[in-house]
Amino acid sequence: MRDATSQDTDHAATGQKQGGAPAHVIVFGNEKGGAGKTTDSIAERETWEFENLVGRLQRVDLRYDFVVIDTPGHESYLMRLAHSLADTLVTPTNESFVDLDVMGQFDPTSLKLQGLGSYARIVGSAREKRAALDGKTIDKFVVRNRLAQLTSRYQESVIACL
């Protein structure tokens, strides 16, 4: 087992390999359940992801006018972090109620918005965090994707909700 030297600390903070050295493996272990292994390991991972993403964005920010981040299609700390760092958020959606459901819950008869969907809550939280961080707001755009040539009543209902 290696001691955490300053070189190891620098390596752990960047997440980049130094030379051909193997990856440093961190294990949270305890024979007993409920001791906080999962909680601690997630917190450690989230801290590393935050430092890594912010560090990369700071380096890229000096070289490019735009940075595009493609997030995974599931909720994760890194996905939420990327959203909170966005200046502009583009949300593509297909013309279906399945896709629309993550943005809002609609009355099936009147098509009126009844509540926020899971993704809309994530975006709202990201906007709050961004405002608290630097006072900036996130510009949001919902983009219809895969447009059909012919419009059905079903698609017209989805479009009305958008």
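Computed from a predicted structure; not experimentally measured. (Residues numbered from 1 in each chain as written. Predicted model: local features only at pLDDT ≥ 70, side-chain atom pairs only at ≥ 80, totals over all residues. Heavy atoms only, no water.)

This part takes up the overall build of the protein. Across its full length, the protein carries six helices and four strands. Across the protein, helices and strands are ordered from the amino to the carboxyl terminus as α-α-α-β-α-β-β-α-β-α. Relative to its 162 residues, the protein shows a buried fraction of 20%. Partitioning the contacts of the protein with sequence separation of at least 6, the portion at a separation of at least 24 is 59%. Carbon and sulfur atoms form 53% of the exposed surface of the protein, whose accessible area is close to 12,200 Å². (Helix = DSSP H or I, 4+ residues; strand = E, 2+ residues; numbered from the N terminus. Buried < 20%, exposed > 50% of the residue type's maximum accessible area, 1.4 Å probe, protein only. Contact = heavy atoms within 4.5 Å. Areas by Shrake-Rupley, 256 points an atom, 1.4 Å probe, with all protein chains shown as cover.)

Before going further, it helps to spend a moment on the nonpolar core. Counting 13 residues, the largest nonpolar core has Leu 89, Leu 100, Tyr 119 and Ile 138 as its most contacted members. Mapped onto this core, the elements with two or more residues apiece are helix H5 (118-134) and helix H6 (153-161). Counting residues per element, this core draws most heavily on H5, which supplies four residues. Excluding residues that lie within four positions of it along the chain, Ile 138 makes contacts with His 83, Ser 84, Ala 86, Asp 87, Thr 88, Leu 89, Ala 126, Arg 127 and Arg 130. (Core = buried A, V, L, I, M, F, W, Y, C linked by side-chain atoms within 4.5 Å.)

Attention shifts here to H6. The complete set of buried residues in H6 reads Gln 155, Val 158 and Cys 161. Looking down the long axis of H6, one finds its buried residues gathered within 120° of arc, a one-sided arrangement. Exposed residues pointing more than 90 degrees away from the buried face of H6 are listed as Arg 153 and Ala 160. Among the structural elements, helix H4 (97-100) and strand E2 (104-106) are those in contact with the buried residues of H6. (Arc of directions from axis to C-beta.)

Another aspect to go through is the pairing of strand E3 (residues 113-116). Side-chain direction in a regular strand flips from residue to residue, so the side chains alternate between the two faces of the sheet. One ladder, built from three bridges, connects E2 with E3; its direction is antiparallel. Within E3, the residue paired with Gly 104 across the bridge is Leu 116. In this antiparallel pair of consecutive strands, E2 and E3, the connection spans six residues, and Leu 111 shows a positive phi of 65°. (Pairing = 2+ DSSP bridges.)

Attention now moves to the packing of helix H3 (residues 77-85) against H5. When two helices pack together, their arrangement is given by the angle between their axes and by how far apart the axes lie. Here H3 crosses H5 at 55°, and the two axes come no closer than 8 Å. Between H3 and H5, the interaxial angle falls into the category oblique. Crossing of H3 against H5: the hand is right-handed. Contact with H3, carried on its side by Met 79, Arg 80, His 83, Ser 84 and Leu 85, involves Tyr 119, Ile 122, Val 123, Ala 126, Lys 129 and Arg 130 of H5 and no other residues of that element. (Axes fitted to C-alpha atoms, helices over the stretch in contact; angles between N-to-C directions. Parallel < 35°, antiparallel > 145°, perpendicular 65-115°, else oblique. Left-handed = near helix turned anticlockwise from the far one by under 90°.)

Before going further, it helps to spend a moment on the side chain of Ser 84. With respect to the element layout, Ser 84 can be found in helix H3. A polar contact is formed between the side chain of Ser 84 and the backbone oxygen of Leu 81, at a distance of 2.8 Å. (Polar contact = N/O pair within 3.5 Å; in protein donor to acceptor, adjacent residues only side chain to side chain.)

Right, let's get into the side chain of Glu 49. Looking at the secondary structure, you find Glu 49 in helix H2 (residues 37-61). Discounting chain neighbours no more than four positions away, the residues touching Glu 49 are Tyr 77, Leu 78 and Leu 81.

Evaluated as defined, the whole model comprises three salt bridges. Taking the shortest distance from any N to any O, the salt bridge between Asp 87 and Arg 130 comes out at 2.7 Å. Of this pair, Asp 87 sits in the loop between H3 and strand E1 (88-94) while Arg 130 sits in helix H5; the two residues are 43 residues apart in sequence, bridging distant segments of the chain. Using a relative accessible area of 4% as the deciding quantity, one classes Arg 130 as buried. In this structure, Arg 130 and Asp 134 form a salt bridge, with 2.9 Å as the shortest nitrogen-oxygen distance. With Arg 130 and Asp 134 both in helix H5 and four residues apart, this pair spans about one turn of that helix. Residues participating in the shared-partner salt-bridge network are Asp 87, Arg 130 and Asp 134. (Salt bridge = Lys/Arg side-chain N within 4 Å of Asp/Glu carboxyl O.)

Keep in mind that these numbers describe shape and distance, not what the molecule does.
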